[in-house]
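The lines below spell out each chain.
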Amino acid sequence: MNQPTLRSTARCFAISLCVAATAFLGGCVENAKSIRDAQAEFSRAAQIEDRTLLGAEQGVQASTEAATNYRMAATTLQKLIAEKSGDLKKDNLLCTAMSIEALSRWRLGDYDAAMQIANNSSNCSDAPAGSQPARDLALFQALPGLIRIDQANQKLAKPAQTIAQFDEVMTLLSDANTILQTARSQIDPAQPLQLYLIQSQLAVVRNWQYAILREGLTGNLNGCETGQASQQAIRLLAELACASLAVPGQQGTQDIKSLILYWQFITGGVSLANPPPVLTSIPDQINQENCSNLNVKGGFPDTCQRPQ
Amino acid sequence: MPGLPTDEVGLILFAIQSAIKVGAAFQKSYIDATTAAPIMLPLPNFPTTIDSQTALTFFSPGVPPNTLPGGGNSFVSKNPVLAALVSKAFASGAGSLTDDEAASFQAFYTEDFIIQQASVNNNLAYHNGQNPASLTSDDIASSLTIRQWPRNPNPSMLQALAGTFIDIGVQYLATMPGAVSPDTNEGKALRGFLQTASNIDFATEGADQIVQQLFLATVQTIKNNPAVIAGGSNSQALVSNVLSAVYDKAQQQIAAAGGDFSQQDNIRSFAQMLMSTALSSTAKTVFDNPGKYLGVGQPGQAALISAVAGSLMDSLTNGPQINLRDLLTPQTLQGIVQSALKVVGQHPEILGTDNKGLTTLVTSIATTLADPSVKLDQDAVPQLIQSILASTAENFSLLVPDSTNPAQNLLTSAAKEILTIISAPPPAGAKWTLKFTSQDSLQLANFVFSQVVGNPDWLVDLAGGSQSRMGTVVQAVLSALQTNGTVNLTKAAGLSILQDVITACASRLDFFKADPNGKLLLNDALDATIGVLFNPANDPAAKWLLLANDTLPQVVNTIFQLLTKHGVTQANIAAVTTFLQGTLTQIANGAAWSLDTFASQLEATLEPTHAS
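Note that the structure is predicted; figures quoted are calculated from it, not measured.

## Some remarks on the overall build of chain B
Stage number 1. What chain B contains, in helices and strands, is 27 helices and 2 strands.
Stage number 2. Nonlocal contacts in chain B, meaning residues at least 24 apart in sequence, comprise 71% of its contacts between residues at least 6 apart.

## Quick notes on the interface of chain B and chain A
Stage number 1. On the side of chain A, 90 residues touch chain B, which itself brings 83 residues to the contact.
Stage number 2. Considering every element that reaches the side of chain B that touches chain A, the biggest residue donor is helix α1 (residues 8-36) of chain B, with 16 residues.

## Brief notes about the nonpolar core
Grouped burial of nonpolar side chains is what soluble globular proteins tend to show.
Stage number 1. Counting 132 residues, the largest nonpolar core has B:V242, B:V246, B:L274, B:V308, B:I418 and B:V477 as the members making the most contacts within it.
Stage number 2. Residue-level mapping places this core at the junction of two domains, with at least three residues from each of domain 3 (176-408) and domain 4 (412-611) of chain B.
Stage number 3. Here B:L274 is in contact with B:V246, B:A309, B:L312, B:M313 and B:L333, once residues within four sequence places are set aside.
Stage number 4. Grouped together as the second largest cluster of nonpolar side chains are 122 residues, A:A134, A:V169, B:I39 and B:F59 included.

## Quick word on unusual backbone geometry
Stage number 1. Residue A:P301 is reached from A:F300 by a cis peptide bond, and omega for that bond is -5°.
Stage number 2. Looking at the element boundaries, A:P301 is found in the segment after α11 (288-292).
Stage number 3. Cis geometry is adopted by the peptide bond preceding B:P64, which originates at B:V63 and carries an omega value of 0°.
Stage number 4. In this fold, B:P64 is placed in the loop between α2 (52-59) and α3 (73-76).
Stage number 5. With a phi close to 60°, A:N92 is a non-glycine residue in the positive phi region.
Stage number 6. On the secondary structure map, A:N92 appears in the loop between α3 (62-90) and α4 (94-107).

## What about the environment of A:S34?
Residue and element names in this part refer to chain A.
Stage number 1. Inspection of the secondary structure puts S34 in helix α2 (residues 30-53).
Stage number 2. Separated by 42 residues in sequence, S34 and T76 have C-alpha atoms that sit 7.4 Å apart.
Stage number 3. Not counting chain neighbours up to four residues away, the residues in contact with S34 comprise T76 and L80.

## Quick notes on the confidence of the model for chain B
Residues and elements named next belong to chain B.
Stage number 1. For chain B, per-residue confidence averages 82 on the pLDDT scale, and residues scoring 70 or more make up 85% of the total.
Stage number 2. Predicted confidence is poor over residues 1-5, with pLDDT under 50, and the contacts of this stretch with residues over four places away or in other chains come to 11 contacts.
Stage number 3. Across the interface, the model reports ipTM at 0.91; the global pTM reads 0.55.

## Regarding the environment of B:M273
Stage number 1. Within the secondary structure, B:M273 sits in helix α11 (residues 261-288).
Stage number 2. Between the C-alpha atoms of B:M273 and B:Q334, which are 61 residues apart in sequence, the distance is 9.8 Å.

## Some points on the packing of helix α13 (residues 304-317) of chain B against helix α15 (residues 330-346) of chain B
Helices that pack against each other are described as a pair by the angle of their axes relative to one another and the distance between those axes.
Residues and elements named next belong to chain B.
Stage number 1. Where α13 contacts α15, the two axes come as close as 10 Å, and the packing angle between them is 130°. By the angle between their directions, the pair α13 and α15 is classed as oblique. As α13 runs across α15, the sense of the crossing is right-handed. When α13 is examined against α15, the residues L304, A307, V308 and L312 are found in contact with a partner set consisting of I336, V337, A340, L341, V344 and G345.
Stage number 2. In terms of residue class, the contact of α13 with α15 is made up of 9 nonpolar, 1 polar and no charged.

## Quick notes on the packing of helix α21 (residues 469-484) of chain B against helix α22 (residues 491-507) of chain B
All names here are of chain B.
Stage number 1. Where α21 meets α22, the axes come as close as 10 Å, and the angle between the chain directions of the two elements is 140°. By the angle class used here, α21 and α22 are oblique. The two elements α21 and α22 meet at a crossing, and its hand is right-handed. For the pair α21 and α22, the contacting residues are V473, V474, V477 and L481 in the first and G494, I497, L498, V501, I502 and C505 in the second.
Stage number 2. In terms of residue class, the contact of α21 with α22 is made up of 9 nonpolar, 1 polar and no charged.

Scoring rules and cut-offs
Residues numbered from 1 in each chain as written. Chains lettered and ligands numbered in written order. Predicted model: local features only at pLDDT ≥ 70, side-chain atom pairs only at ≥ 80, totals over all residues. Helix = DSSP H or I, 4+ residues; strand = E, 2+ residues; numbered from the N terminus. Contact = placed C-beta atoms within 7 Å. Core = buried A, V, L, I, M, F, W, Y, C linked by C-beta atoms within 7 Å. Buried ≥ 20, exposed ≤ 12 C-beta atoms within 10 Å, placed from the backbone. Domains from an automatic or database assignment. pLDDT = per-residue confidence, 0-100. Axes fitted to C-alpha atoms, helices over the stretch in contact; angles between N-to-C directions. Parallel < 35°, antiparallel > 145°, perpendicular 65-115°, else oblique. Left-handed = near helix turned anticlockwise from the far one by under 90°. Nonpolar A, V, L, I, M, F, W, Y, C, P; charged D, E, K, R; others polar.

Structure representation (structure tokens):
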């Protein structure tokens, strides 16, 4: 065969194709690009918050910077959804856009707006089963729980040191835990969102412990609440370990060991006298056998007796 | 039906149509990728630092009954201060501790948590006031960066685009006259491609890219080489066999290349060139004998064309020391393919039971020639491979004594020995230092190959030496020229002398006999000719005449031919020395000289000796 002819023809074709493709593609992915930009702003803000929250960095200005990024993401998406929700839905992008906006509103403290978006999300996707945006839909379901955690945390900033206020906080936290647990039960065990939702449930526990401290519980109620919160933490730590087994890319990693130790430390540790087998040696004991027999009692519902 | 768009305007219009398809595929992929993109999620608010309640949880006594005791409860009884703090925190609330008590309580917690973890081999560092199990940015990103799905249900952008490119290729094909008709020769040839391609698992990563490139190579080859489609149904078998072999090997090599995209690209490009060359350069041979090369007519018989294509794909892309793929041009590849097909066609036993024989042979040649001692310009390697394959095809049983071990090819050994000698740097003080080029090496190697084919005993090692007879001659002549020659001696003259001496030695084994001093008669003869002719003390008039680059090789050749004719003996060699010195003196004195007279006078001098 004539090799130079093949090469020159291929080169001519490739150049023409590139030029034509560049011209053609110019205006056809703008919506998706706007969403990508908003995703990037949102992730940047979340990274700042998470790093500050989990102690990887000391973020003095973090709160302001994160808020700015959340606001940019929310504003971009609000406008896009208002103008092009039909196109977005057709491209299976509407849920993604709405979830990012709702989460941004939540982090900005605009809980009503966040809930309104979540409540309007029921018809955001017409995609067939299997292609539905699983993460985004689960986040709409989890959002009320996430908001309740922040509301409980806000209440603890101004403690009344009464059992009544403790119970108000516990109602928020208990509801949050139920909502998150429900969201978890409706997604694939291998869905990476499991790791996020379990950590959010651990944030429930940490706020529970903080409530015991801030509302000044004493004596047996103090001991009982402390024990139940600890019980819930141990259950969640075991579930976190087992979720990592199912999630692709997380099995047996050093990251999971660090993560479990981190949460163990800030929630008061785990008894090594009689721990769930999956937590005895991390990550070695995180295996199918230990996880299929996982039977750890949780701390909810709160059954501690209030003083008469 | 419109013709294939070979002009640039036609191609540009076709590219625009294609771009619309690519654009649609890209748009869908970009949107799918946006939906699937991982995002980092923020955790809800919670107290991130430990407090006295955290410590109380750890040291909790498990009161009231049926309450879970803390994980560090066993530490409490060992320290009265800690016990007092636990007691107060339990009874009055952890918030009732003074600041100092709270700090002390939390320090107990941190220390005992670290001790507890150390007991299960989790070694944590103590940093006052900080979480000893602190997370890195990577830990955080790993656990909170969340994908849309565990496994993306949409094809990757690469897969989607590659599929579209194949679609474009089909459109390209549709514009080719006759290509889509099963009754035309073009259609039959392409049917071979499509039938084989239909068996390929396109779910295999990268399969579509290879097929696309091989498809384009096939279409172009069919268009530019009528011989490829001259075989009718045999064309179909040819395309099918070559595609099958080249695709399989390319896919294996790409898988082995891992994530090295540059390497993958090189493999695909070479596969494309081999596909094209294997179709165009073998068509006539294959169609003249389809039973042999295509395995048709004899069920179960191996298709030799497949074996050749597969073997070359393996051996030429997996060279252990040199990258043959980059050295090959369409022309040199064509030569190798044709030679390889000839070897396999005439001696199918070379393939062995596992079809690896040809791969072994080509790989061993490449490995041998790539040896650092050879110092061969790598551009010459493909041509040498072709030469060795071509000679092997004609003299298989002679050159491959053990057909089950084709790596032991006599020509490969000869090439290595000779090329090592001629590429070695001249010794210190050498008077003739010209280096041989790749073309010189190829010329000499081909000459040596012809001698070895004529008499394989050339490669028998000399007793007590490490070189073969051939190596000994080459080394001796080269040394004689380097030691005695001058800068005026050209490479052409040197090579001519070398070949003449080899030819002379081929006629007389006596050159390898030793004189009473243990020196080979070959070396004595070289001293008697080259040593005497290049003597610096010779008269300028004699040098002018006898050392001319046209004359010198003829003089040396005459002497060696007469020695082979009249006997390689010490006496004859001594006679040559005496005769040559006399000739030099006569020329210095102004006597006339011609090669014919020189030859007849020398023969007269040698005849009596020979007669005795």
